[in-house]
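Chains, contacts and geometry: an overview
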Amino acid sequence: MFLAVRELRFARARFTLMGAVITLIAVLMVLLSGLSHGLVRDGVSGLQELPVTSLAFSHGVARDAAFTRSVISLDTVESWSRQPGVTQAAPFGSALINARSSSGVEIDLALFGVEPGSFLAPKAATGSPLGTADGIVVSRTAADAGLRLGDTVTVDRLGTRLTVVGVLAEQHTFGHVDVAYLPLAAWQAIHAGAGPGEPVPDRARQEITAVAVRGTGVDLAAGDAAAGTESMTLSESYGASPGYTAETSTLTLIQFFLYLICALVAGAFFTVWTIQRKHELAVLRALGAPIGYLLRDGLAQAMVLLLAAATVGIGAGIGLGSLVGEGVPFALDVQAVTVAAALLVGLGLTGAAVAIARIAAVDPATALGGNR
Amino acid sequence: MNTHTETTRQASRPDTPGPAHQDGLIMRDVTMLLGDGEDTVRALDSVHLTVAAGEFAAIVGPSGSGKSSLLAVAGGLAAPDSGTVTIAGRPMTAASRRARTALRRDLVGFVFQSGNLLPALTAIDQLRLPTRFASPGAVGRDPMDLLTEVGMAGKADRRPHQLSGGERQRVGIARALVTGPRLLLVDEPTAALDQARSRDIVQMLARETRQHAVATVMVTHDTEVLQYCDSVYEMMDGALSKK
Ligand SMILES: Nc1ncnc2c1ncn2[C@@H]1O[C@H](COP(=O)(O)OP(=O)(O)O)[C@@H](O)[C@H]1O
Ligand SMILES: [Mg+2]
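Keep in mind that what you see is a predicted model, and the values were worked out from it rather than measured.

Relative to the helices and strands, B:Glu55 is located in the loop between β2 (41-51) and β3 (56-60). A distance of 2.8 Å separates the side chain of B:Glu55 from the backbone nitrogen of B:Ala52, its partner in a polar contact.

Next comes the structure, spelled out in structure tokens:
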């Protein structure tokens, strides 16, 4: 570090410029991480909050539309609950609706029909749990949007009236829409298109979207074979949320390129820096500096630069992130940012290391005869 | 300062056989080819050279005759094709690259044409750096004492670009001596200096050579300064002869 820190100080203009580039990359990385995490939260937090390990949909359903297209028979719940390793199995219904609240707010909702009292029934933070026939328990974000306890929500076209009886503590959204839990029977009526007072066909009383399964070491293929269903693990089911795969893959691609850019920029900088110092390095080698000493010194220098720049960038990114408006899906996750920062520094260091490795090839004999 | 070894080493003159030769540089039948194919140059052609501790040897010769090559081989920067080099009784030529680096670190000091100081370091740090990677147990010299000795104590905190050519060369000499080397290799130290300063620098080298009982080999173009040297050799097409 003896030489490294002195060089950092002496060539501070160059290192500051380089540090600024890494800082900007780190800012971008934090913002992308927040956006990415925000989009994930917006897209599938309702699923993430489900206490299930897998979901069994109808056989052959389109994977990316399973939550809206799948229809299976209520009997399959029985079949699944008998599978080895399954501790809980319960019917699950889902539907996307447009609605209007009694206070005039237009609201889109993802209806999750569950049996009150089943393991799927949510725990309301305020108000009461699911129970009354038309009572719904909504995501915290719906309350943020203006929905209040006791408000009535009217489903468009059908005219079905639902009452907000509880609000959840966390964000529960699905496909960027707030989740409203409701009793399975109410969900079946809406799913069958039966308005208030209209009879619900018996067939519809036998229909659900999926079997929600909780267990350990469950053989999904065997369960599917027995029940005639098609299972997805909970995380696989995220891909069935509208737009989820496209959004996350786009952001992942951008982040991938950002890491690549960081590695290349660091590599390019330290390549030029090492070549510029070639004669000095030859002199140092002539003076008896071991290659290992010079490599360690160079890597320490890169490490200081990357860590300092990443720290400033992450700080600035978090600061900027806090200014992001309400409507933007932006959520910073400590773990995600930590992993991203480690990747950024790690890949930057890898790029630098490749460049710094040239030190080993410097011929000490070139220290002589070189006029400077 | 180690006055005891100084006096014992100072007593031995270049031409007197004895242990002093063992302390210095011995090159035996050293040949080195450079370049490849048709362009192969015999940079060193059966070179024999013995420089005792406390002896100040000069090498003159036209450009391209192999003077720098001789210094490179003597200091273990390059390996010869045949022949042997020993410094203070330690064989240089048999050693691996890593071992040569270690021997260089412990036994050899280099002074380059224009100092070749590191631009980021102050004068005092130029001297501290070699002590950072010195072998454990190595007895170096105090950087500030040495700077004082070469008359640079007042400019210890200046960087190379704030020093004159002669001052840079003084710092370069002090840096070469800070690890307490047994062999000092000096490549055209006065190439960038005027006559008065050249004389200064060479006198300083002569003084350090004797005071610290180092074997010193200096390559020079400058016949003016040969008067300060104990022995003078001439290099011609890779062959070395005593003048
Ligand atoms: N790396 C090299 N490859 C090929 N030939 C070289 C190399 N370095 C030096 N030479 C040649 O070796 C000879 C001796 O060079 P050098 O020792 O630098 O001479 P001097 O220092 O006396 O000017 C010259 O002919 C030079 O052109
Ligand atoms: Mg030369």
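This next bit is on the sheet that holds strand β4 (residues 82-87) of chain B. Residue and element names in this part refer to chain B. The strand order across the open sheet built from four strands is β2-β1-β4-β5, with neighbouring strands paired in antiparallel fashion. Edge positions in the sheet fall to β2 and β5 (90-91), since each has one partner strand and no second. Looking at chain direction, strand β1 (residues 25-34) and β4 are connected through five bridges and run antiparallel. Among the inter-strand pairings, isoleucine 26 is bridged to a residue of β4, identified as threonine 86. Sitting on the sheet, helix α3 (residues 67-74) is in contact with β1, β2 and β4, with an inclination near 120° to β1.

Our next topic: the pairing of strand β7 (residues 152-155) of chain A. Residue and element names in this part refer to chain A. Bridge count between strand β3 (residues 86-101) and β7: three bridges; the pairing is antiparallel. Paired with alanine 99 across the two strands is valine 155, which belongs to β7. Here three bridges tie β7 to strand β8 (residues 161-167), and the two strands are oriented antiparallel to one another. When the bridges of β8 are listed, threonine 152 appears paired with threonine 163.

On to the site of ligand 1, then. All names here are of chain B. Close to ligand 1 lie Leu34, Gly35, Val41, Ala43, Pro62, Ser63, Gly64, Ser65, Gly66, Lys67, Ser68 and Ser69, which account for all nearby residues. The separation between an oxygen atom of ligand 1 and a polar main-chain atom of lysine 67 is 2.9 Å. Within the complex, 59% of the 560 Å² of free accessible area of ligand 1 lies under protein. Breaking the shell around ligand 1 down by element, the ones donating at least two residues are β2 and α3.

Conventions and cut-offs
- Residues numbered from 1 in each chain as written.
- Chains lettered and ligands numbered in written order.
- Predicted model: local features only at pLDDT ≥ 70, side-chain atom pairs only at ≥ 80, totals over all residues.
- Heavy atoms only, no water.
- Helix = DSSP H or I, 4+ residues; strand = E, 2+ residues; numbered from the N terminus.
- Polar contact = N/O pair within 3.5 Å; in protein donor to acceptor, adjacent residues only side chain to side chain.
- Pairing = 2+ DSSP bridges.
- Contact = heavy atoms within 4.5 Å.
- Axes fitted to C-alpha atoms, helices over the stretch in contact; angles between N-to-C directions.
- Near = heavy atom within 4 Å.
- Areas by Shrake-Rupley, 256 points an atom, 1.4 Å probe, with all protein chains shown as cover.

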